[in-house]
Amino acid sequence: MAFHGSKFCRRILGRHYDVKALSTQHVKLFAPSSTPKLRRWYSSANVTQEENELELVSLAMSSAAVPATKIGTTQEMAVPVGQRQRLNEEVLPFSAFLTDNFGRRHSYLRISLTEKCNLRCQYCMPEEGVKLTPRAQLLSTSEVLTVAQLFVREGVEKIRLTGGEPLIRPDVLDIITELRKLEGLKTIAVTTNGMNLVRLLPKLKEVGLDLLNISLDTLVPAKFEFIVRRKGFHKVMEGIDKAIEMGYNPVKVNCVVMRGLNEDELLDFVALTEKKPLEVRFIEYMPFDGNKWNFKKMVSYQEMLDRIRQQWPSLEQLPLGKTDTAKTFKVPGFQGQVGFITSMSDQFCGSCNRLRITADGNLKVCLFGNTEVSLRDVLRSGASDQELLDIIGAAVGRKKKQHAGMFSISQMKNRPMILIGG
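Just so you know, these numbers come straight off a predicted model, no measurement behind them. (Residues numbered from 1 in each chain as written. Predicted model: local features only at pLDDT ≥ 70, side-chain atom pairs only at ≥ 80, totals over all residues. Heavy atoms only, no water.)

(A) Quick look at the pairing of strand β12 (residues 337-341). Of all five residues in β12, five are buried, a share of seventy percent or more. Both faces of β12 are covered, namely the face carrying Gln337, Gly339 and Ile341 and the face carrying Val338 and Phe340. Where strand β9 (residues 278-284) meets β12, five bridges bridge the pair, whose relative direction is parallel. For Val280, the partnering residue across the bridge sits in β12 and is Val338. Here strand β11 (residues 326-330) pairs with β12 via four bridges, running antiparallel. Each bridged residue has a counterpart across the sheet, and for Phe329 the counterpart in β12 is Val338. (Buried < 20%, exposed > 50% of the residue type's maximum accessible area, 1.4 Å probe, protein only. Helix = DSSP H or I, 4+ residues; strand = E, 2+ residues; numbered from the N terminus. Pairing = 2+ DSSP bridges.)

Structure, rendered in structure tokens:
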């Protein structure tokens, strides 16, 4: 990993590290003489172990080639003097381990709590189901909290709990309770299908849940049953109303739009935002293993926007935050708003600040990438925090500038969405 000198001179875990020493440490960690246990932590859905090892050795050698620099020198900050102070103030305090080679700082962590779900959404799970990971190979409660604590210590400010369906995990309230105690963590969010929300929401609010995303792809009960292969439409709607009643504002509603299935309901979803504080987020249909994606089923952001504007010509775009994934719009006078997740037609990789941890403990630096790193195995080997950070830093450093594009992604081997974490 071509670490920049300035990154490794940042304050990490309360002290400064020397670039040369850290580079040497990475060479030792990834060289062929490294223990097989360390090399095993890297895996890929379609890359052989030998290819992974060669890539890791190459990354380590490029890291070793970085000369040591002194903090504050012009060599360290190869920028005009007028910009140097701003860079020192805005960039240097953030952890090197969570900053990639394109300067993206990853302050948002998504943790999947389970591979299980009480629905069978067509775009998320193959029709034949998935082979679940044995329970002993999933992250335990203490392992989830250990990983979360480490990431928060390095600069993560937002954690989203996903699945599967995170609210079917028996200890979800305990996990949120403990996450709430982490100094520096500003936001705890959950993405849920809403089936258990009415029952659990009062306790979720009590233990400190900040944000809520609820999946709902149709407003027609019979179509709901077809899309998710289960009954439960009215439970989800009751969950949305309960969230509004309890003061969540906005309540985000995630809608995956698929041609021939629910694109005819776009206007109905927008109309929901007239009298309710909802943010309906229309998500372009994305390819994952087993979801039978093809280009003809995908409804692009521009097509959706054009259709909505025909009904509401005054639709206005809202300011876009630096790391926002959704392009948001509002019909003047409506309580809520709508957003578009344009991963396929207009990718936003350049501002990505997200990392994902699967339920079985693998770190994915890109939703559409198929290379993963097992943090579970690192933890269970008795590795120190520093060794774990080295592994995380190497993985983040491998993150590409952008994903390969929808057609290439559709041909790549990757997990079904349910085994990644939504």
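Picking up after the structure, the text goes on.
(B) Quick look at unusual backbone geometry. Note that the residue after Asn249, namely Pro250, is joined by a cis bond; omega there is 0°. In this fold, Pro250 is placed in the loop between α10 (233-245) and β8 (251-257).

(C) Quick peek at the nonpolar core. If you look at the biggest cluster of nonpolar residues, it comprises 92 residues, and the most contacted ones within it are Phe151, Ile159, Leu179, Phe282, Leu363 and Leu375. Not counting residues up to four positions away in its chain, the partners in contact with Leu375 are Val147, Phe151, Ile357, Gly361, Leu363, Leu388, Ile391 and Ile392. (Core = buried A, V, L, I, M, F, W, Y, C linked by side-chain atoms within 4.5 Å. Contact = heavy atoms within 4.5 Å.)

(D) A look at the packing of aromatic side chains. Going through the model one piece at a time under the given rule, you end up with six aromatic pairs. Summarising the aromatic geometry, the rings of Phe224 and Phe233 are spaced 5.8 Å apart at their centres and angled 70° between planes, so their arrangement reads as edge-to-face. Considering the side-chain rings of Phe329 and Phe340, the 5.6 Å spacing of their centres and the 80° angle between planes classify their relative orientation as edge-to-face. Separated by eleven residues along the polypeptide, Phe329 in strand β11 and Phe340 in strand β12 bring together distant segments of the chain. The pair Phe329 / Phe340 is uniform in exposure class, with both members buried. An aromatic cluster is present here, built from Phe269, Phe282, Tyr301, Phe329 and Phe340 joined pairwise through their rings. A cation sits over an aromatic face here: Lys158 above Tyr108, 4.5 Å from the ring centre. Above the face of the Tyr301 ring, Lys327 is positioned so that its terminal group lies 5.4 Å from the ring centre. (Phe/Tyr/Trp six-rings, centres within 6.5 Å; stacked < 30°, edge-to-face > 60°. Lys NZ or Arg CZ within 6 Å of the ring centre and 35° of its normal.)

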